Each structure stands twice: as structure tokens, then as C-alpha cells.
Amino acid sequence: QVQLVESGGGLVQAGGSLRLSCAASGRSGRTFSSYTAGWFRQAPGKEREFVAAITRSGLYTSYADSVKGRFTISRDNAKNTVYLQMNSLKPEDTAVYYCAVPSSTSTTAQDMGRTSSFLSWGQGTQVTVSS
């Protein structure tokens, strides 16, 4: 099992930036690099939605249309960590942000927005953007 812990959330004004981190650990922590990793978010009263994903090599990424050009996902497999750099933040970006790892090592970054099978989720980190 992989444990995921997010950090870096907070309160920021519209137009500002935040960088989220998701650190993987556990007995399977050393295999984190075998999986695509992704970020999702859930705003109050709304369903969870896909934000971004990155393949295990870090070479390929996928983004929701709502964040393209503003958010950048990256990873450091040596540190078992995936990041989400969020720039030009908008009030509608306010949500709890979760990182996740899919159940299958074959899941691509493009698949992450459609898959419903996950190995692990983090506990989430709150991002609040004020207008």
C-alpha cells in the first residue's frame, strides 16, 4: 500500500500562486515511480474532478481544460513526490485538492480523468482563493 500526504494548501488572493506537494511513503513507497500520479479536487457541493496527471517517467502530462496554461504538474521520483504548481489562481479554483495513484501501472496520464480504480488517495489539502 502507498500512503500519500499532500501539503502546501492555503489561502491566497486571486492571481496568486501556490505549490502543492504529495509525498508517497509506505511499504510500497519505493514503487511510486512505477505509477502515473494525478491531482483531483472537490469544491463544496460539487463532485470530485480531475485536475492533472503525470506519467511515471514524467515525460507526459494531462490537464483539465479549466487549468491548462495555469497549472503545471511535475514529479521527483527520487523523492517519491509529485507537485502541482498553480499560478493565476481564480476563486473557482477553491477546493480540497487530493493526489492519487491508480491501481494499474498501465494507466496513462490521459486515462487518469476516466479511471475509477485507485490504489491510494491522500487526505487532501485545502486551497482557498479569495477575490
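Residues numbered from 1 in each chain as written. Predicted model: local features only at pLDDT ≥ 70, side-chain atom pairs only at ≥ 80, totals over all residues. Heavy atoms only, no water.

Engineer: Please explain the state of the cysteines as it appears in this structure.
Structural biologist: In a disulfide, the sulfur atoms of two cysteines are held together by a covalent bond. On inspection of all chains with the given rule, the structure shows one disulfide. Each sulfur in the disulfide pair Cys 22 and Cys 99 lies 1.9 Å from the other. Across the disulfide from Cys 22 to Cys 99, rotation about the S-S bond amounts to roughly 55°, and the bridge is consequently right-handed. One end of the pair, Cys 22, is in strand E3 (residues 18-25); the other, Cys 99, is in strand E9 (residues 95-102), and 77 residues separate them in sequence. According to the relative accessible area criterion, Cys 22 is buried, its value standing at 1%. (Disulfide = S-S within 2.5 Å. Helix = DSSP H or I, 4+ residues; strand = E, 2+ residues; numbered from the N terminus. Buried < 20%, exposed > 50% of the residue type's maximum accessible area, 1.4 Å probe, protein only.)

Engineer: I tried to follow the side chain of Arg 41 on my own but got confused; where do I start?
Structural biologist: Along the chain, Arg 41 falls in strand E4 (residues 37-42). Residue Arg 41 is classed as buried on the basis of its relative accessible area, which comes to 5%. Separated by 2.6 Å, the side chains of Arg 41 and Glu 49 make a polar contact. At a separation of 2.9 Å, a polar atom in the side chain of Arg 41 contacts the side chain of Tyr 97. (Polar contact = N/O pair within 3.5 Å; in protein donor to acceptor, adjacent residues only side chain to side chain.)

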